[in-house]
Amino acid sequence: MVPVGSGTLTYVKSITFDCADALVVARFWAAALGGELDSGATSGKAYVEAPGWGGPNLWFQRVPEPAVAKNRMHFDLRAPGGDVPAEVARLSALGATVVTPGDLTVMADPEGNVFCVEA
């Protein structure tokens, strides 16, 4: 790949989720990704530090309005060892639901934010 532009590049510091209960969604993603839930997390705001892989941190904030459409960005998660059924079962036990099963399984977190699990 050829870098575009010159000088210092911007990087993704965090990804923010709007939600009805920040603590519920943050607990799910902390457990799903192996991140650390901030000790000061509340239902109004919560922060999950990225696990050792160095990805962006996750920020969750309560907003008054409900989600009215499918999210336009989502995570694609790689199942450890390529075992999609086992990862889907683990994430389901954490509170996710299966939207569309398959080799690439579409799931939703506790507030309906979709994401994919693949080998």
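The structure this text deals with has already been given above.
Residues numbered from 1 in each chain as written. Predicted model: local features only at pLDDT ≥ 70, side-chain atom pairs only at ≥ 80, totals over all residues. Heavy atoms only, no water.

Undergrad: What am I meant to see in the nonpolar core here?
TA: In summary, soluble globular proteins display a tendency toward joint burial of nonpolar side chains. Residues W29, L58, F60, F75, L91, F115 and V117 are the most contacted members of the largest nonpolar core, which totals 26 residues. Breaking this core down by element, the ones donating at least two residues are β1 (14-19), α1 (22-33), β3 (45-49), β4 (57-62), α2 (84-93) and β8 (114-118). Ranked by residue count, the leading element in this core is α1, at eight residues. Among residues more than four places away in sequence, those in contact with F115 are F28, W29, H74, F75, L77, L91, A96, T105, V106, M107, A108 and D109. (Core = buried A, V, L, I, M, F, W, Y, C linked by side-chain atoms within 4.5 Å. Buried < 20%, exposed > 50% of the residue type's maximum accessible area, 1.4 Å probe, protein only. Helix = DSSP H or I, 4+ residues; strand = E, 2+ residues; numbered from the N terminus. Contact = heavy atoms within 4.5 Å.)

Undergrad: Whenever I open this one, the environment of E111 confuses me. Can you help?
TA: Along the chain, the position of E111 falls in the loop between β7 (105-108) and β8. In this structure, the C-alpha to C-alpha distance between E111 and T8, residues 103 residues apart in sequence, is 37 Å. With residues near it in sequence (within four places) discarded, E111 still touches C19, A20, D21 and V25. Reaching out from E111, the side chain makes a polar contact with the backbone nitrogen of A20 at a distance of 2.8 Å. (Polar contact = N/O pair within 3.5 Å; in protein donor to acceptor, adjacent residues only side chain to side chain.)

Undergrad: Teacher, can you tell me more about the environment of A108 here?
TA: Turning to its location among the elements, A108 is positioned in strand β7. When its relative accessible area of 7% is taken as the criterion, A108 is described as buried. Each C-alpha atom, one on A108 and one on L91, is 9.6 Å from the other, the two residues being 17 residues apart in sequence. If we ignore the near neighbours within four places in the chain, the residues touching A108 are A96, T97, V99, N113, V114 and F115.

Undergrad: What exactly am I supposed to notice about the pairing of β1 here?
TA: Side-chain direction in a regular strand flips from residue to residue, so the side chains alternate between the two faces of the sheet. Burial along β1 is one-sided: the face carrying I15, F17 and C19 is buried and the face carrying S14, T16 and D18 is not. As defined by bridge partners, β1 adjoins β4 across six bridges and the pair is classed as parallel. The residue of β4 that forms the bridge with C19 is R62. (Pairing = 2+ DSSP bridges.)

Undergrad: Before we go on, may I ask you to explain α1 in this structure?
TA: It helps to recall that an α-helix has 3.6 residues per turn; residues three or four apart then point in one direction. Across its twelve residues, α1 extends 16 Å between first and last C-alpha, which sits within 8% of the 16 Å expected from 1.5 Å per residue. Among the residues of α1, those classed as buried are A22, L23, V25, A26, F28, W29, A30 and A32. Looking at the residues trailing α1, positive phi occurs at G34, about 75°. (Expected span 1.5 Å × (residues − 1).)

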